[in-house]
Amino acid sequence: MVTEALKAQPLPAKPSSKSDPILLSLFANRFMSIAEAMGRSLQQTAVSTNIKERLDFSCAIFAPNGDLIANAPHLPVHLGSMSFAVRYQINLLGEDLRDGDVILTNHPVAGGSHLPDITCITPVFQAGEIVFFTASRGHHADIGGILPGSMPPTSKTIFEEGAQIKSFKVVKEGEFQRDELVRYLVEEPSKYPGCSGSRCLSDVESDLRAQISANNKGVNLIYLMVDEYGLKVVQDYMLHIRDNAELAVRNLLKTVAKKQGTSELSAVDHLDDGTPIALKVTIDAENGSAVFDFEGTGPEIYGNLNAPVSVTYSAIIYCLRAMVDQDIPLNQGCLVPIEVKLPAGSCLDPSETAAVVGGNVCTSQRVTDVILRAFDAAAASQGDCNNLTFGSSGYGYYETISGGSGAGPTWEGTSGVHTHMTNTRITDPEILERRYPTILHQFSLRKGSGGVGQHNGGDGVIREIEFLEPIQCSILSERRVYHPYGLHGGGDGACGQNIWIKQPRKEDGDLSPDETSTPTPRKIYLGGKATVKMGKGDRIVICTPGGGAWGAPGEERKAGSKEGVKHGRGDARGGFFDRLAEQLGA
C-alpha cells in the first residue's frame, strides 16, 4: 500500500459555484445514504447485543477540517459530538495521518461522549490529500472499570469508568494493532484500584473490527461519488448543504424572536441532586444569530453526571435541527450562527479527570429539556435513558429503557419511546433470555404516568427482569425526584422508580433458619443511582418517567392537532420507526 502524508486543507468559506436545487437535494440524500450504508454494514458485522441488536451506534461523514457533513438517523448525542473527535485528531496528528490509518478514541477531552462510546475515524485520501473523513461511534458493553457494563452509577473519577484512549492508531498503514489494543482495553484499566480491564474483550475487538469495516464501506462509496461527479463538484455541494442548514437555523431564530416578542429566552431545570442547568439565549433578530449562555449552571459534580463539552453541543445542534420545519441534514451548518458560552469548571465543562459516564445519558437529556423549554417548543419528555447494567467477571450487559415523550402545541406525547439524545432499540426478549441468565417478566406501558392536559404527555414503561444466578446489577437514572415538566398549564409527567424485589436468604440474615412457610419477598426502593449484588430469583423493576402535557386540561384542541396518545396508546412514529422501516425495506 502506498502511504502519503497529510497536507491539511482548510475548507473554503464559500463554494466556487452556485447550487442547483435538484442537485442540492440529490447530494444531501447521497451523503446521507453513504452514512446509512455504513450503519447497515456495522449492524450486520457486529457481534454484541449492544450494537447488533440495540443499534447503539452512529455513522457519519466529515469534511477535511472535521465539520459534520451528513449522518444517518442514528443517535443525536453521538452525531453532534463526533466532529469534536475528528478535529482533535486532525490537530493532534497533523501530517502523521496516513492513508491506511484508522484512529481509535473515546476520551472526553478528545471529543468523546463517555468512555464506552468508542469512535473509529478513517481519513479519505485523494492525490495525497485528505478530502473527507468517515467515522463510526459504538457503545461497547464492557471496557473495564469498577463494575460490569462500564456504566457505574457510583463512579467519582474517570479512572473508575474503564479504558481511556485519547488517540491510538488501531490500524496503522493497513496493519491492525491488536497487541496495543489489548494493552489499552485490558492492561491499562486494571491498574487502578478496584478496577478491571474489559470483561468481554472478544466482543469489543469484533465490534471494533466491524466499525473499521463500516468506515471502509463509506470510503469506497465516497470514491464512487467522486469518480461520478468529480471532487470539485462533490465538495462544492458539501458546502452548499452546510450553507443551507445555516440559513434554515438563521430563519428559525428570526421567527422565534418575532413570535415570542423578545430576543432573550431563558430557562432552568435541575438534576435530581439539585444541580441547576441554566440557560439564557440572546437572539440577534437582524442576522439570525444567537448566544447560548449557560452561566448559572452548577459546578462540577462529585459523581458522574458531568457532561463533556461536546455533549452540550450535541444537545444544541439536535434541538435546533428538531425545531427547523424543513428537511435538511443535521450538519455543522446548524451551529454556524451559534455562539456557546459554558462556565469553566461547571458540570458542562468539567476537569479532565471528572467522572462523566452519566453526563452523556442523563445530563444531556436535561440540557435538551432546558433548551426546548427556553424556546417554548415542547413539554419535557422523560429526560432520562434509564441505564441498566448487569454482569459478572466474564461479561457485562447494558440497555437503555424508553419512556414518555412530551406533548406540544399541536401534538400528543408518545408512549414507550426513546426520546431526544438517544435513539436505540431495546433488546428483544428472546435475545435477552437466550444470551443472559434472565427472565423478562414484564415490559408494558406504565398507564397514567404521562401528564394530563390539552395534549397529554406520553406514558412511561414498566420493565421487570428476574435473575437466574447471583449477579451485579446497577441502575443509573434521573427524573426520580424532579418531574418532567408540563407547559402552558399542562400537568407534569410522573417520576420514575427503581425497585429491587429481593428474595429472603439465610446468608443475608433476612430469613430465619427455622422458617417453614414460603417467605414474602422484600420490596426495596433503590433510588435513582445504585448498584447491588442480586441473588438468584431477585428481580429489578424499572418504572420509567412519563412525558409532560401541554395546555390545561379541558382546553379546546387547536386545528391540525395530531392524535398521538390517549393514555396508554400511541402511534408508531419518530426516528426509530423511520430507521426500522428502512431496515425492513418499507
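How each quantity is defined
- Think of each chain on its own: its residues are numbered from 1, step by step along the sequence as written.
- Where local features are concerned, this predicted model is filtered to residues with pLDDT of at least 70; where side-chain atom pairs are given and counted, the filter is 80 or more; whole-chain, interface and lining totals use all residues.
- Hydrogens and water molecules were not included; the side-chain quantities draw on all heavy atoms of the structure.
- With a 1.4 Å probe rolled over the protein chains alone, any residue whose accessible area is under 20% of its type maximum counts as buried; one over 50% counts as exposed, and the rest are partly exposed.
- Working definition: helices are DSSP H or I runs of at least four residues, strands are E runs of at least two. Numbering for both runs from the N terminus.
- A pair of strands is treated as paired once DSSP finds two or more bridges between them.
- Lines fitted to C-alpha atoms define the axes, with helix axes restricted to the stretch in contact, and inter-axis angles between N-to-C directions lie between 0 and 180 degrees.
- An angle below 35 degrees is treated as roughly parallel, one above 145 as roughly antiparallel, one from 65 to 115 as roughly perpendicular, and anything else as oblique.
- The contact definition used throughout considers only heavy atoms, calling two residues in contact when any of these lie within 4.5 Å.
- Note that Gly is not counted as nonpolar here; it falls among the polar residues with everything else outside the nonpolar set of Ala, Val, Leu, Ile, Met, Phe, Trp, Tyr, Cys and Pro and the charged set of Asp, Glu, Lys and Arg.
- By definition, disulfides here are pairs of cysteine sulfur atoms that lie within 2.5 Å.

A. Region of the structure containing the pairing of strand β1 (residues 57–62). Most of β1 sits out of view: 6 of its 6 residues are buried. Residues Phe57, Cys59 and Ile61 line one face of β1 and the alternating positions Ser58, Ala60 and Phe62 line the opposite face, and both faces are buried. The sheet contact formed by β1 and strand β2 (residues 68–71) spans 3 bridges and is antiparallel. Looking at the pairing, Ile61 lines up with Ala70 of β2. The turn joining β1 and β2, which pair antiparallel and follow one another in sequence, is formed by 5 residues; a positive phi near 100 degrees is taken by Gly66.

B. Structural detail: the packing of helix α1 (residues 21–45) against helix α7 (residues 231–260). Between α1 and α7, the shortest axis-to-axis distance is 9 Å and the interhelical angle comes to 95 degrees. The pairing of α1 with α7 is recorded here as roughly perpendicular in orientation. Residue-level inspection shows Leu23, Leu24, Phe27, Ala28 and Phe31 of α1 in contact with α7, the latter providing Val233, Val234, Tyr237, Met238, His240, Ile241 and Asn244. Split by residue class, the contact of α1 with α7 holds 10 nonpolar, 2 polar and no charged.

C. Quick look at the sheet that holds strand β17 (residues 497–502). Taking strand neighbours across the sheet as the criterion, the 5 strands line up as β14-β15-β20-β17-β18 in an open arrangement whose pairing is antiparallel. If you trace the sheet from one side to the other, it starts and ends with β14 (438–446) and β18 (522–525), each paired once. In this sheet, adjacent strand axes meet at a mean angle of 15 degrees when their direction is disregarded. Bridge count for β17 against β18 is 4 bridges, and the pairing is antiparallel. Bridge assignment links Ile501 to a residue of β18, and that residue is Lys523.

D. How the structure looks around the state of the cysteines. One pass over the full model with this rule turns up 0 disulfides. This cysteine, Cys385, is not joined by any disulfide, and Cys362 carries the nearest cysteine sulfur, 6.6 Å off.

E. Spatial organisation of the sheet that holds strand β19 (residues 529–534). Taken in spatial order, the 4 strands make up an open sheet running β13-β12-β16-β19, and their pairing is antiparallel. The sheet terminates laterally at β13 (395–399) and β19, the two strands that pair on one side only. Adjacent strand axes in the sheet meet at a mean angle of 15 degrees, parallel and antiparallel pairs treated alike. Where strand β12 (residues 387–392) lies against strand β16 (residues 471–476), 5 bridges are found, and the strand directions are antiparallel. Directly across from Phe390, in β16, lies its bridge partner Cys473.

Remember, this is a structural readout, not a statement about activity or role.
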